[in-house]
Amino acid sequence: MGLEFIHRTLRTTGIVLLILFPFFLYYFGVWKALALFSGGVWGMLNLWFITLTVRAAIRPEGVDKPRTIALLLFKFPLLYVSGYFLLKISLFQPLWLLAGAFATVVIMILKALGRVLLHLDMDSTESRAKTSGVA
């Protein structure tokens, strides 16, 4: 699994949040649905900034210090202050915000389990041996 796994996870999380949003609006109400959606977007942004920061800090050519510092100075104040203000909105219940933020992690775990159960990360000879019953 590489960076494409993270990009697929972010894309899947966004699609799942968009698909579930109308159902949560209908069944749980506007504020819970908005809290879940806002928490999900916050979790996606957090993972995206972590990915950008790690890619800038861990490179074969060495650390891209200006970009890494800029990302860290941008990520922490902006993202965590916005998370704080999301928690301060009295109409948003913290449990729904947390569930939304955790959606990215749940989708990442489900994608990894799917790859393991479907044997998608094995090389072709190992995969053929398993499907033919030869160990």
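Residues numbered from 1 in each chain as written. Predicted model: local features only at pLDDT ≥ 70, side-chain atom pairs only at ≥ 80, totals over all residues. Heavy atoms only, no water.

### Topic: the overall build of the protein
Then, in step 1: Looking only at helices and strands, the protein has 5 helices and 0 strands in total.
Then, in step 2: Sequence-ordered secondary structure for the protein, helices as α and strands as β, is α-α-α-α-α.
Then, in step 3: Taken over 135 residues, the protein has a buried fraction of 27%.
Then, in step 4: Taking the intrachain contacts of the protein between residues at least 6 apart in sequence as the baseline, contacts between residues at least 24 apart amount to 70%.
Then, in step 5: Accessible area for the protein stands at about 9,100 Å²; split by element, carbon and sulfur atoms hold 74% of it. (Helix = DSSP H or I, 4+ residues; strand = E, 2+ residues; numbered from the N terminus. Buried < 20%, exposed > 50% of the residue type's maximum accessible area, 1.4 Å probe, protein only. Contact = heavy atoms within 4.5 Å. Areas by Shrake-Rupley, 256 points an atom, 1.4 Å probe, with all protein chains shown as cover.)

### A few points about the pattern of salt bridges
Then, in step 1: As enumerated under the stated definition, the model contains 2 salt bridges in all.
Then, in step 2: A salt bridge links Arg-59 to Glu-61, with the nearest nitrogen and oxygen atoms 3.1 Å apart.
Then, in step 3: Among the salt bridges present, the one from Asp-64 reaches Arg-59, with a minimum N-O distance of 4.0 Å.
Then, in step 4: The partly exposed category is assigned to Arg-59, whose relative accessible area is 34%.
Then, in step 5: Among the ionic contacts, a cluster of salt bridges with common partners joins Arg-59, Glu-61 and Asp-64. (Salt bridge = Lys/Arg side-chain N within 4 Å of Asp/Glu carboxyl O.)

### Notes on the packing of aromatic side chains
Then, in step 1: The final tally for this structure, using the stated rule, is 11 aromatic pairs.
Then, in step 2: Between the aromatic rings of Phe-24 and Trp-96, the centroid separation amounts to 6.1 Å while the plane-to-plane angle is 80°, which identifies the pairing as edge-to-face. Here the residue Phe-24 occupies a position in helix 1 (residues 3-28), and Trp-96 occupies one in helix 4 (residues 94-117), the gap between them amounting to 72 residues. The two residues Phe-24 and Trp-96 agree in class, both being buried.
Then, in step 3: When the centroid spacing of 5.2 Å and the interplanar angle of 55° are considered together, the rings of Trp-48 and Phe-49 count as tilted.
Then, in step 4: Accessibility expressed as a relative area gives 37% for Trp-48, which makes it partly exposed.
Then, in step 5: Taking the ring centre of Phe-76 as reference, the NZ or CZ of Lys-75 above it sits at 4.5 Å. (Phe/Tyr/Trp six-rings, centres within 6.5 Å; stacked < 30°, edge-to-face > 60°. Lys NZ or Arg CZ within 6 Å of the ring centre and 35° of its normal.)

### Quick look at a nonpolar patch on the surface
Then, in step 1: Taken together, Phe-102, Val-105, Val-106, Ile-109, Leu-110, Leu-113, Leu-117, Leu-118 and Leu-120 make up a surface patch of nonpolar side chains, about 870 Å² in accessible area.
Then, in step 2: Inspection of the secondary structure assignment puts Val-105 in helix 4. (Patch = residues over 30% accessible without salt bridge, like charges linked within 9 Å, V, L, I, M, F, W, Y side chains within 5 Å.)

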